[in-house]
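# Structure assessment
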Amino acid sequence: MHERHRGLTQALATSYQEAASVCLNRFHASPLEITLSDSGAEMTAQLRWLTPDARMLGAWANATDTTRNGAYCCVIAGVELLRSLVAVRRAETGTGSDYYVGPPGSGQTDLEDCLRLEVSGVSAGDYPDVRRRLTEKVAQAQRGDSSLPALAGVIGFSAKLLIVEDVQEES
Amino acid sequence: MSWDDHHSLSERLAIEADATNRTGDIVRAQDLFARAATEESAALDALPQEKLRTRGITAVSAVALWFKARDYVAAERLANRCLEDPQMPHFAQKQLRESGSPNTALVLLAPQSPIGAGQEIDWGLTSDDDAVFTVTGVGVLSEENAGKLSRVPQSIFVMKGNPFCNL
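Residues numbered from 1 in each chain as written. Chains lettered and ligands numbered in written order. Predicted model: local features only at pLDDT ≥ 70, side-chain atom pairs only at ≥ 80, totals over all residues. Heavy atoms only, no water.

### Brief notes about the pairing of strand E5 (residues 115-122) of chain A
All names here are of chain A. The following threshold applies: Buried, partly exposed and exposed residues are distinguished by accessible area as a fraction of the type maximum, computed with a 1.4 Å probe on protein chains only: under 20%, between the cut-offs, and over 50%, respectively. Only runs of H or I of at least four residues qualify as helices and only runs of E of at least two qualify as strands under DSSP, and these elements are numbered from the N terminus. By this definition, two strands are paired if DSSP reports at least two bridges between them.
Where burial is concerned, most of E5 is hidden: eight out of the eight residues are buried. Neither face of E5 is left uncovered, since the one carrying Leu115, Leu117, Val119 and Gly121 and the one carrying Arg116, Glu118, Ser120 and Val122 both have all their residues buried. In this sheet, E5 lies alongside strand E4 (residues 98-102) in antiparallel orientation, the contact comprising four bridges. Note on E5: the bridge partner recorded for tyrosine 99 is leucine 117. Across seven bridges, E5 lies against strand E6 (residues 150-156) in parallel orientation. Across the sheet, residue leucine 117 finds its bridge partner in E6, namely leucine 151.

### Examining the environment of A:Ala41
Relative to the assigned elements, A:Ala41 resides in strand E2 (residues 41-47). Placed 33 residues apart in sequence, A:Ala41 and A:Leu8 show a C-alpha to C-alpha distance of 28 Å.

### Focus: the state of the cysteines
All names here are of chain A. The following threshold applies: The disulfide criterion is simple: two cysteine sulfur atoms within 2.5 Å.
Under the criterion given, the structure shown has zero disulfides over all chains. Lacking any disulfide linkage, cysteine 23 is separated from the closest cysteine sulfur, that of cysteine 74, by 7.4 Å. Residue class for cysteine 74 comes out buried when judged on its relative accessible area of 9%.

### Some words on the sheet that holds E6(A)
All names here are of chain A. For clarity, the threshold we go by: Every axis in this analysis is a line fitted to C-alpha atoms, fitted for helices over the stretch in contact. Angles between the N-to-C directions lie between 0 and 180 degrees.
Across the sheet, which stays open at both edges, the seven strands sit in the order E2-E1-E7-E6-E5-E4-E3 with mixed pairing between neighbours. Either end of the sheet is taken by a strand with one partner, and the two such strands are E2 and strand E3 (86-90). For this sheet the average axis-to-axis angle between neighbouring strands, irrespective of direction, equals 30°. Pairing analysis gives seven bridges linking strand E1 (residues 32-38) to E2, with the strands arranged antiparallel. Across the sheet, residue leucine 32 finds its bridge partner in E2, namely leucine 47.

Have a look at this one:
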């Protein structure tokens, strides 16, 4: 991922991929077909991962950190597949949960084409739980700022569902 | 040096600072955050006025890094300078204004005695005298945020200039 996503170093991408494999391994075996939903339009995608060994499971024993980092991996990959946008940089705002994404090649001389990406992961929930989390993230992004275009993305690891939605400005 | 040169260096320093923070070497982490903030501030100065979105994102990043370096004077000075710029985008103005407001932190450790508004607490991460914050309020953790945590916190404090905002 780091070769396409300027905002991910190789070490960071590897770390996120490890976390995602641990999250998926809680409920499923590779390969796995998941549903991608983008503003109501649905498609399917196949996920493949290396089954984590005991050492990796131990290293990722903190469920909160693992779900968050696994979500970064899956949502950033999903946004690339659905919107052809790549991670350009991590948002250094202190809230610690979002990236800036843009077209491939962007972010080298400026961030003028970039959007904010709010990311979240739901480990054990079902479809309504993932939808509910997306609604929360959209509301969070709307509160965060209203003039910088934003996307919200949520992965449900158990639910096999990844949803991406534009954040509309608050009226 | 260009915006990209300064900004890329800032990103590398901030990543190193985060990693150093996790090892417990808070003093070195603060130094790295300060260097990252210096580079991000230089990146901001290297941008032409018409790069509005980039200026906004970079300004917010630089102020956030000064907070992480616990240099509140530098953070406030830069935030005020940016807020005086009429070209600063609305989203950045909003975030820069909020950067100087009280914000919320979870405190996972149980205090030795009850803490209320107006009291000063030593954050306890370093022996640095600067790591003392005045509590402006004591909050209640929402069910939503509690569900995101691996441990249930003992207290939530609202503190002015808190660089460890985690809610």
